[in-house]
Amino acid sequence: MSDINVDVLIIGAGPSGCVAASYLFKQGLKVKVLEKSKFPRFVIGESLLPRCMDHFEEVGLLACLEAQNFELKPGARFLRDDIVCNFDFSKKHTAGWDWTWQVPRADFDNTLAQELIKWGVDIRFQHEVLDVAFDADGNSVTTVKDQAGETYKVNAKFVVDSSGYGRVLPRLLNLDKPSSLPEHSSIFTHVKEPNRPEGEEGTLITFDVLDRDTWFWVIPFSNGVTSLGFVSKNEYIDSFEGSTTARMKQMIETSSYYKDRFRGLDFEFDPICIRNYSKAVSKLYGKGFVLTGNSAEFLDPVFSSGVTFATESALCSAKLIAKQLKGQQVDWDKEYVDYIMKGVNVFRTYVEEWYTGNLQTLFFHRPENPEIKRQICAVLAGYVWDETNPFVKKHNRIVANLAHLINMEKEEANG
Ligand code: FAD
């Protein structure tokens with residue numbers, strides 16, 4: 001046993017760890033956050049959804065974020081050939097936030113962590129979790145390596161694994177399982193844009209659909225930097241030759257809409273390639289621990305749901321941990337797993353139907369149906385628990401059925 005005793009140990013100071021820590025700290029619990037890297041640090045995941053604003057607001061983290069003047073994201077644009085599909089979050093079926101931000105995550109995550117430190121939350125940077133051992137009651141002893149390379153131990157009543165791609169507990173407890181989604185990879189970097197187009201064109205987040213499996217994201221930040229990234233099947237990414245820089249430059253040439261804007265700009269860092277990014281686990285909690293955010297499940301970047309699920313799962317689990325540590329009964333299956341998976345499964349359908357092409361058929365069908373668009377827009381804003389929305393309640397058939405109808409109409413029209 002060590003001398004360091006906490007109520008809740010949180011692994012990782014990304015959005016998931018920070019939201020969990022802020023809620024638990026405000027409940028008067030003794031919290032410790034261990035973060036492997038030194039902040040600010042780069043991580044991908046720069047386009048947020050309106051739903052996560054609810055979480056930051058609830059835990060008192062909105063004001064520090066507002067002070068950063070991040071680029072406002074009032075919607076999202078999807079392009080395919082010469083068809084434009086613009087979603088405006090103020091025109092959505094479900095009540096709730098109608099804007100959010102597009103953010104350089106190094107600054108965004110650091111803002112959250114520094115705010116928690118200001119409140120008095122104990123966050124240790126460059127302290128890496130090496131091992132966690134649980135006893136039969138769920139009490140744990142965590143082995144940590146500090147920046148000097150020394151190891152020490154922490155006793156905790158509960159561990160929140162918010163370690164993102166570190167996947168600490170899934171690795172240590174063998175919880176990883178294959179994702180149900182087809183394998184895709186991504187390659188991305190940042191550019192400085194001294195001559196950004198004026199007005200909306202310069203600030204709008206856009207997904208340029210190059211073919212059914214391949215799309216290009218353009219995410220302008222308020223600091224003059226723009227994030228660029230390609231997503232596709234592994235074969236597509238592998239079909240380009242050379243360094244990641246050489247490959248990314250060739251890929252930019254495949255976007256007829258954007259190639260002139262980004263040709264010749266220097267990359268801020270060598271493009272990073274993440275292969276087979278979808279992740280899943282066999283369970284989301286156990287005695288004395290819970291998995292939140294990317295450490296639990298990651299689907300696909302196409303609808304920017306990662307950070308929102310990171311904060312949704314963090315806040316939901318933090319409430320349950322506080323309840324449990326106060327001696328109340330918690331039904332983790334019902335109150336955590338069922339709730340979180342309900343939302344994850346709605347997005348899973350949308351991701352699957354994106355890559356079958358059915359959702360793309362709906363997005364790019366003309367004329368648009370305003371009511372359908374409002375309902376899909378609420379899903380894209382992250383309001384995926386609102387069962388008054390048929391595109392939530394009947395998610396597993398409505399997209400495929402509508403696409404089928406559109407395709408039949410097209411076939412009839414073509415004789
Ligand atoms: P993270 O933000 O990854 O934070 C985890 C922290 O844990 C890190 O700081 C890490 O250093 C720390 N850690 C890891 N191991 C240890 C350890 N052993 N000890 C201590 N600390 C540790 N999401 C969006 O919402 N919008 C997007 O546009 C988007 N685009 C994406 C594009 C791609 C190509 C991919 C692959 C993902 C994208 N995502 C996006 C998903 C997004 O990256 C994640 O969902 C999000 O960062 C999850 O936040 P988190 O707090 O769970 O984890």
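What counts and how
Residues numbered from 1 in each chain as written. Predicted model: local features only at pLDDT ≥ 70, side-chain atom pairs only at ≥ 80, totals over all residues. Heavy atoms only, no water. Helix = DSSP H or I, 4+ residues; strand = E, 2+ residues; numbered from the N terminus. Rg over C-alpha atoms; globule rule 2.2 N^0.38 Å. Buried < 20%, exposed > 50% of the residue type's maximum accessible area, 1.4 Å probe, protein only. Contact = heavy atoms within 4.5 Å. Lys, Arg positive; Asp, Glu negative; His and termini not counted. Charge placed at Lys NZ, Arg CZ, Asp CG, Glu CD. Salt bridge = Lys/Arg side-chain N within 4 Å of Asp/Glu carboxyl O. Polar contact = N/O pair within 3.5 Å; in protein donor to acceptor, adjacent residues only side chain to side chain. 1 Å grid on protein atoms, 1.4 Å probe; cavity = no way out; pocket = protein on both sides within 12 Å on 5 of 7 lines; lining within 4 Å. Points joined across faces, edges and corners; volume = space filled by probe spheres on them. Nonpolar A, V, L, I, M, F, W, Y, C, P; charged D, E, K, R; others polar. Core = buried A, V, L, I, M, F, W, Y, C linked by side-chain atoms within 4.5 Å. Domains from an automatic or database assignment. Pairing = 2+ DSSP bridges. Axes fitted to C-alpha atoms, helices over the stretch in contact; angles between N-to-C directions. Phe/Tyr/Trp six-rings, centres within 6.5 Å; stacked < 30°, edge-to-face > 60°. Lys NZ or Arg CZ within 6 Å of the ring centre and 35° of its normal.

Asks: A description of the overall build of the protein should follow, citing residues and the corresponding values.
Replies: Counting its secondary structure elements, the protein contains 15 helices and 19 strands. The C-alpha atoms of the protein give a radius of gyration of 22 Å, which matches the 22 Å a tight globule of 415 residues would have. On the principal axes, the C-alpha backbone points of the protein span a range of 75 × 45 × 40 Å. When burial is assessed residue by residue, the protein has 58% of its 415 residues classed as buried. At a minimum sequence separation of 6, the contacts of the protein that also span at least 24 residues come to 72%. A distance of 3 Å separates the average location of the 47 positive side-chain charges in the protein from that of its 57 negative side-chain charges.

Asks: Outline the side chain of Asp 386, supporting the account with residue identities and numerical values.
Replies: Of note, Asp 386 is situated in the loop between α13 (370-380) and α14 (390-393). Nearest to the buried, unbridged Asp 386 among oppositely charged side chains is Lys 92, at 9.5 Å. Only 2.6 Å separates the side chain of Asp 386 from the side chain of Thr 94, close enough to count as a polar contact. A distance of 2.7 Å separates a polar atom in the side chain of Asp 386 from a polar atom in the side chain of Thr 388. Each residue touching Asp 386, except ones within four places of it in the same chain, is listed here: His 93, Thr 94 and Val 392.

Asks: So what's going on with empty space enclosed by the protein? Which residues, and what values?
Replies: One simple way to see leftover space: roll a probe sized like a water molecule over the atoms. Taken as a whole and judged by the stated rule, the model has two cavities of 30 Å³ or more. Residue lining of the largest cavity: 15 residues in total, with Gly 293, Glu 297, Phe 298, Phe 309 and Val 344 positioned closest to the centre. Residue assignment for the lining of the largest cavity shows that the elements contributing at least two residues are α10 (306-325) and α11 (332-356). Looking at the lining of the largest cavity, its residues break down into nine nonpolar, five polar and one charged. Estimated volume of the second largest cavity: approximately 60 Å³. Across the lining of the second largest cavity, the residue classes break down as eight nonpolar, one polar and one charged.

Asks: Tell me about the nonpolar core, residues and numbers included.
Replies: Formed by 119 residues in total, the largest nonpolar core has its most connected members in Phe 78, Phe 303, Trp 354 and Phe 363. Tallying contributions element by element places α11 first for this core, with 12 residues. When residues of this core are sorted by domain, at least three fall in each of domain 1 (4-73 + 100-178 + 279-343) and domain 2 (184-274). When near neighbours in sequence (up to four residues on either side) are disregarded, Phe 363 contacts Phe 78, Cys 85, Phe 87, Phe 303, Trp 354, Glu 368, Ile 376 and Leu 380.

Asks: Tell me about the sheet that holds strand β12 (residues 184-192), and please be specific about residues and values.
Replies: Overall, mixed pairing links the seven strands, which are arranged β5-β4-β13-β14-β15-β12-β16 in an open sheet. Strands with a single pairing partner mark the edges of an open sheet, and in this sheet they are β5 (83-88) and β16 (272-274). Strand-to-strand, the axes of this sheet are offset by a mean angle of 15°, without reference to chain direction. As paired elements, strand β4 (residues 75-80) and strand β13 (residues 206-211) share four bridges and run parallel to each other. Bridge pairing in β13 places Leu 79 opposite Asp 208. In this fold helix α8 (residues 244-252) packs onto β12, β14 (214-220), β15 (225-233) and β16, with an angle of close to 85° to the strand it touches most, β15. Sheet strands touched by α11: β4, β12, β13, β14 and β15. Its angle to β14, the strand with the most contacts, is close to 120°.

Asks: Lay out the packing of aromatic side chains in plain terms, naming residues and giving numbers.
Replies: In the structure shown here, the tally under the stated rule is 35 aromatic pairs. Directly above the ring of Trp 119 sits Lys 26, whose terminal nitrogen or CZ lies 4.2 Å from the centroid. Against the face of Phe 87 rests Lys 373, its NZ or CZ located 5.3 Å from the ring centre.

Asks: Would you mind going over the layout of surface pockets in detail, with residue names and values included?
Replies: Its boundaries defined by the atoms lining it, the largest pocket holds a volume of some 940 Å³. In terms of lining, the largest pocket is formed by 48 residues, of which the most central are Val 43, Ile 44, Gly 164, Tyr 165 and Asn 294. Of the domains in this structure, domain 1 (4-73 + 100-178 + 279-343) and domain 2 (184-274) are the two that each give at least three residues to the lining of the largest pocket. The space that makes up the second largest pocket amounts to roughly 270 Å³. In this structure, the second largest pocket is lined by 16 residues; those nearest its centre are Leu 362, His 365, Asn 369, Ile 372 and Ile 406. At the level of elements, β5, α12 (358-364), α13 and α15 (395-413) are the ones that each hand at least two residues to the lining of the second largest pocket. Across the lining of the second largest pocket, the residue classes break down as 10 nonpolar, two polar and four charged.

Asks: Describe the pattern of salt bridges, and please don't skip the residues or the numbers.
Replies: Taken as a whole and assessed by the stated rule, the structure comprises 26 salt bridges. With a closest N to O distance of 2.8 Å, Lys 323 and Glu 335 form a salt bridge. Here Lys 323 is found in helix α10, whereas its partner Glu 335 is found in helix α11, with 12 residues between them in sequence. Exposure remark for Lys 323: the relative accessible area of 25% places this residue in the partly exposed category. For Glu 335, a relative accessible area of 27% gives the class partly exposed. Linking Glu 368 and Arg 366 is a salt bridge whose minimum nitrogen-to-oxygen distance equals 3.5 Å. One connected set of salt bridges, linked through shared partners, spans Lys 32, Asp 122 and Arg 124.

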